[in-house]
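Residue-level structural notes
If you want the building blocks of each chain, they are given just below.
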Amino acid sequence: MKSYQEQPRSSSSCAACKFLKRRCTPNCQFAPYFRSDEPKKFAKVHKVFGASNVSKILNEVGEDQREDTVNSLVYEAEVRLRDPVYGCIGAIALLQHRMVELQHDLILARARLASYVGHRSLFLDDHGGSLMAPFLDIPESNSLPSDQFGRFHFP
């Protein structure tokens, strides 16, 4: 994970101080996480949470968790701005709904496959030969005749 604290600070103000129109001090708590070349990042977080709340949140978490906390706040702010009513919960609900749909599709595909394998086994003996050949005038072979797409057909 890329750490902002290892990067040397430029002489310019951080994005938070620029946005808030204040002088950026050497011990600014926003500077390691809201660099001057990412002004929209802080603007989104400020619009949703407010600078005071972000400051309180950063003070409550340990130094080693602050970068992850800021990344989470940025993501939550972006989602909340896209979907003001549901925010992250809307994104989670959408993904869960899609997962249920895919699980349903998988169950149907497995059922169709089991049906196909089951029907095919009715027409084959233990060695792969056709049990129905005498009744359908199908020449005895190791497999049922099929077209170019692998679908079985009978003459």
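First, a word on what this report is: a plain description of the structure on this page. Source: prediction; values computed, not measured.

A separate point is the packing of helix H2 (residues 39-49) against helix H3 (residues 51-60). Orientation of H2 relative to H3, taken along the N-to-C sense of each, is 100°, at an axis distance of 7 Å. Considered as vectors, H2 and H3 are oriented roughly perpendicular to each other. Only Ala51, Asn53 and Val54 of H3 make contact with H2, whose side of the interface consists of Phe42, Val45, His46 and Phe49. For the contact of H2 with H3, the class distribution of residues is 5 nonpolar, 2 polar and no charged.

Another point: the environment of Val70. Looking at where Val70 falls in the secondary structure, it is placed in helix H4 (residues 66-82). Along the backbone, Val70 and Lys41 are 29 residues apart, and their C-alpha atoms lie at a distance of 9.8 Å. Excluding anything up to four places from it in sequence, Val70 contacts Tyr33, Phe34, Lys41 and Leu58.

Reading the values: the criteria
- Residues numbered from 1 in each chain as written.
- Predicted model: local features only at pLDDT ≥ 70, side-chain atom pairs only at ≥ 80, totals over all residues.
- Heavy atoms only, no water.
- Axes fitted to C-alpha atoms, helices over the stretch in contact; angles between N-to-C directions.
- Helix = DSSP H or I, 4+ residues; strand = E, 2+ residues; numbered from the N terminus.
- Parallel < 35°, antiparallel > 145°, perpendicular 65-115°, else oblique.
- Contact = heavy atoms within 4.5 Å.
- Nonpolar A, V, L, I, M, F, W, Y, C, P; charged D, E, K, R; others polar.

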